[in-house]
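The chain contents come next:
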Amino acid sequence: MKRFRVAVDIGGTFVDSILFDSETGTTRLAKASTTPDEPVRGVLAALDRLGVSLSDTELFVHGTTLGLNAVIERRGAQTGIITNAGFRDIFEIGRADVPAASMYDYRYQRQPSIVKRRHRFGVGGRIDAQGNEVDPLDEAAVLDAAGQLVAAGIRSVAICFLHSYRNPVHEMRAAQIIAEAYPQLAVSASSAITREYREYERTATAVVDAYINPIFNDYIGRLESGLIEAGFDGKLLIMRSAGGAMTAQTARKAPIYTVLSGPAGGLIGAGQLARAIGRDRVLTLDYGGTSLDAAVIEGGEPLVMHEAPLADLPALIPIFDIRCIGAGGGSIAWVQEGLLQVGPQSAGSQPGPIAYGRGGSEPTTTDAALILGFLDPSTFLGGTVDLDVPAARQGMQECVASPLGIDIDRAAAGIFDVLVARTAGAIREITVERGRDPRDFSMLAFGGAGPLIAPLIAREVMNAELIVPQSPAVFSAWGMLMSDIVTDVAQTQLRLLEPGAQAPVDVAFAQLVEDARAQLEGQSGKDAQHTFVRLVECRYAGQEHALEIELADGEDLAMLRARFDDLHRERYGHAIAAPVQIVTLRVRASAVMPKPALPIVPPAHGPASQAQVGTREAFCFARRSRTPFAVYDRALLGAGHAFDGPAIIEEGTTTTVIHSDQTVHVDDHGHLIVRRKPA
């Protein structure tokens, strides 16, 4: 019986890995630098530092933003489109709108299409809105279009025909023709990814999948080879963007489902932790090397949306509702027209912050934290990286302090002020703008730099408390170990919510459940415990956007109207007497996997001062000046320990900074619970 389970998360700066030993119930973690030129090398280096025997490993769970980065940086595969005759320009025309973030930017310029017009082909054939064939598919035209794409050096093709969400027969036949004639061409058929309406969004979904398909498959192929060479013969799972995992073979067929698989692990872990410690409302803050991600968890479940913007392109896939800010530990600070800016440019792992001594010349958030005294240059990352304080100070002086006419401390503190303001704005988007009060939420901070900046953000938005979990630097990887195998299926069903809708909806749900069951059994086996959640998207007739309501076992559609009105009233402040329309039926299916339990730490014996290992002068944001901070070793803290700030709590891979108006309590699981001091 194999004893180990391993999870690996690739970030912008570091690769995080964690091992769970099922025999002892213990975990072990390790980090290695991200290797953007060859990501597999960083993964294998992290595994090597874990010291794990892959021949004794039963499960390897992996998360990566490789596909998302390819879309953002426009470095995906050369892609073509095959669609209906007369509709080759749907993808470029889109909605003819301006992204919300650029709505008031008069200088906004839409990026060039990732599919050139000469690589878009229309072919004969038509399915109508009821799913009936009006004109047969022109198979010769499909073959000719594929031939021209191959001759032009295209590696991947997206197929999207009108109304294929109702009847995919033409898309499936076109994909078969291309696969038989040109097996080297990657094919993404829209109906194989999503069975939802809206032609442009479905086309864009297929295009993004095609765009990243060769890159993702090349990477997974190299990863599988590297793992096999190291002795691994267990199951390789890839995280999904809406939580849960899927087999690598399933991910290869539709890699678009993995675009946010890295951050998804953190939210899965956060949901598990929230349920375990009895927190109903949690705001998560994942602060890594290149980005800061904020999300909401209610009732132990992260919020999911079913259309995600991927670099201004819509994707009809289930995905966690995450607000991402281009600011992390490696984010570069710079001055423009007398204003301090932070990010989105990042020094990444190469060359990294100035203090790393790897050639970086522009100050970053990490350099600012070092200057302010939050980081110990001799113990950073367990002493594996020596930080150069004079170089960081010189860079801060030249690039920020001198252009702004301020001293170095004020410049470094200003970087955190900018980050706090931007993050607070993102938090308000997912709370205040949706009728939620952030003061009712606990904040959960993780990622390598999360515990360092989160106390400042908690002060700004006045959260009820801040929770810093065990091993926060690898929390996303830990969350991956908490994942079940999950699949989502959906079908657009435009019909009014009335008694006559019950029968066709029941039939559609039965088919969706069977489709989901078949997908699960193919990945987890028939003996696994399966769960199915039925969801109905509804809207008032005439509206554009819909709200999602769970339809529990034994409930019928008659029960939905009142619940829809209540949800609409809660979300938007009103309900109306208009008819309600069903838009989409969804089923989320899970195969439950065994999970490691939250550890229990020994109770405290003696005062917290026994865990104090020194004192360091650092910048206190409550006092806006330098002051002595007590320095604690987290490994020496026991359940029940409590102390006031200012304090710095160090562990091998991260640092928690508590300011003078905050207090800390250690709970039974070893989590740090940070609250504001009573007035």
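Structure shown above.
As a starting point, this report considers the structure included with it.

Our focus in this paragraph is the sheet that holds strand S5 (residues 79-84). On the basis of which strands lie adjacent, the open sheet formed by 4 strands has the order S6-S5-S9-S10 and parallel pairing. Each end of this open sheet is capped by a strand with a single partner; those strands are strand S6 (120-123) and strand S10 (186-189). Strand-to-strand twist across the sheet, computed as the mean angle between neighbouring axes with direction ignored, equals 20 degrees. Packing against the sheet, helix H5 (residues 169-181) makes contact with S5, strand S9 (156-159) and S10, and its axis sits at approximately 160 degrees to S9.

Turning next to the side chain of His119. With respect to the helices and strands, the residue His119 is situated in the loop between helix H3 (90-93) and S6. According to the relative accessible area criterion, His119 is buried, its value standing at 5%. Discounting chain neighbours no more than four positions away, the residues touching His119 are Gln78, Thr79, Gly80, Ile81, Leu149, Ala152 and Ile154.

It is the contact of helix H1 (residues 39-50) with helix H7 (residues 199-229), at a shortest axis distance of 9 Å, that shows an interaxial angle of 30 degrees. Taken together, the axis directions place H1 and H7 in an arrangement best described as roughly parallel. Judged by the sense of rotation from one axis to the other, the crossing of H1 with H7 is right-handed. Mapping the contact onto sequence places Pro39, Val40, Val43, Leu44 and Leu47 in H1 and Tyr219, Arg222, Leu223, Gly226 and Leu227 in H7.

This paragraph deals with the packing of aromatic side chains. This structure, assessed with the given rule, holds 10 aromatic pairs. When the ring of Phe374 is compared with that of Phe621, the centres are 6.5 Å apart and the planes differ by 40 degrees; the resulting orientation is tilted. In this pair, Phe374 sits in the loop between helix H10 (365-371) and helix H11 (389-404) while Phe621 sits in the loop between strand S29 (612-620) and strand S30 (625-633), placing the two residues 247 residues apart along the sequence. As far as burial versus exposure is concerned, Phe374 and Phe621 are alike and both buried. Ring pairing ties together the aromatic residues Phe374, Phe416, Phe619 and Phe621, which thus form one cluster. Note that Arg107 overlies the ring of Tyr106, its terminal NZ or CZ placed 5.8 Å from the centroid. Its end group placed over the ring of Phe509, Arg534 keeps NZ or CZ at 5.2 Å from the ring centre.

The next point concerns the nonpolar core. Residues Val43, Leu47, Phe60 and Phe91 are the most contacted members of the largest nonpolar core, which totals 118 residues. The element contributing the most residues to this core is H7, with 14 residues.

Here we take up the pattern of salt bridges. Taken as a whole, this structure holds 41 salt bridges when the rule is applied. With a closest N to O distance of 2.5 Å, Lys31 and Asp16 form a salt bridge. Highlighted residues: Lys31 in strand S3 (residues 27-33) and Asp16 in strand S2 (residues 14-21), separated in sequence by 15 residues. Asp16 matches Lys31 in its accessibility class, with the two residues each being buried. Three or more residues are tied together by salt bridges with common partners; here these are Asp89, Glu92, Arg117 and Arg120.

The subject of this paragraph is the sheet that holds strand S32 (residues 647-651). Read from one edge to the other, the open sheet built from 4 strands follows the order S29-S30-S32-S33, with strand pairing classed as mixed. The open sheet terminates on both sides in strands that have one partner only, identified here as S29 and strand S33 (654-658). Strand after strand, the sheet turns through a mean of 25 degrees between neighbouring axes, direction not considered. Here S30 pairs with S32 via 4 bridges, running parallel. Of the residues in S32, the one forming a bridge with Tyr632 is Ile649.

This paragraph deals with the pairing of S32. Summarising burial for S32: 5 of the 5 residues are buried, a large majority. Of the two faces of S32, the one lined by Ala647, Ile649 and Glu651 and the one lined by Ile648 and Glu650 are each fully buried. Of the pairings in the sheet, the one linking S32 to S33 comprises 5 bridges and is antiparallel in character. Note that in S33 the partner of Glu651 across the bridge is Thr654. In sequence, S32 turns back onto S33 through a hairpin of 2 residues.

Rules used throughout
- Residues numbered from 1 in each chain as written.
- Predicted model: local features only at pLDDT ≥ 70, side-chain atom pairs only at ≥ 80, totals over all residues.
- Heavy atoms only, no water.
- Pairing = 2+ DSSP bridges.
- Helix = DSSP H or I, 4+ residues; strand = E, 2+ residues; numbered from the N terminus.
- Axes fitted to C-alpha atoms, helices over the stretch in contact; angles between N-to-C directions.
- Contact = heavy atoms within 4.5 Å.
- Buried < 20%, exposed > 50% of the residue type's maximum accessible area, 1.4 Å probe, protein only.
- Parallel < 35°, antiparallel > 145°, perpendicular 65-115°, else oblique.
- Left-handed = near helix turned anticlockwise from the far one by under 90°.
- Phe/Tyr/Trp six-rings, centres within 6.5 Å; stacked < 30°, edge-to-face > 60°.
- Lys NZ or Arg CZ within 6 Å of the ring centre and 35° of its normal.
- Core = buried A, V, L, I, M, F, W, Y, C linked by side-chain atoms within 4.5 Å.
- Salt bridge = Lys/Arg side-chain N within 4 Å of Asp/Glu carboxyl O.

Purely spatial values, then, with no claim about function.
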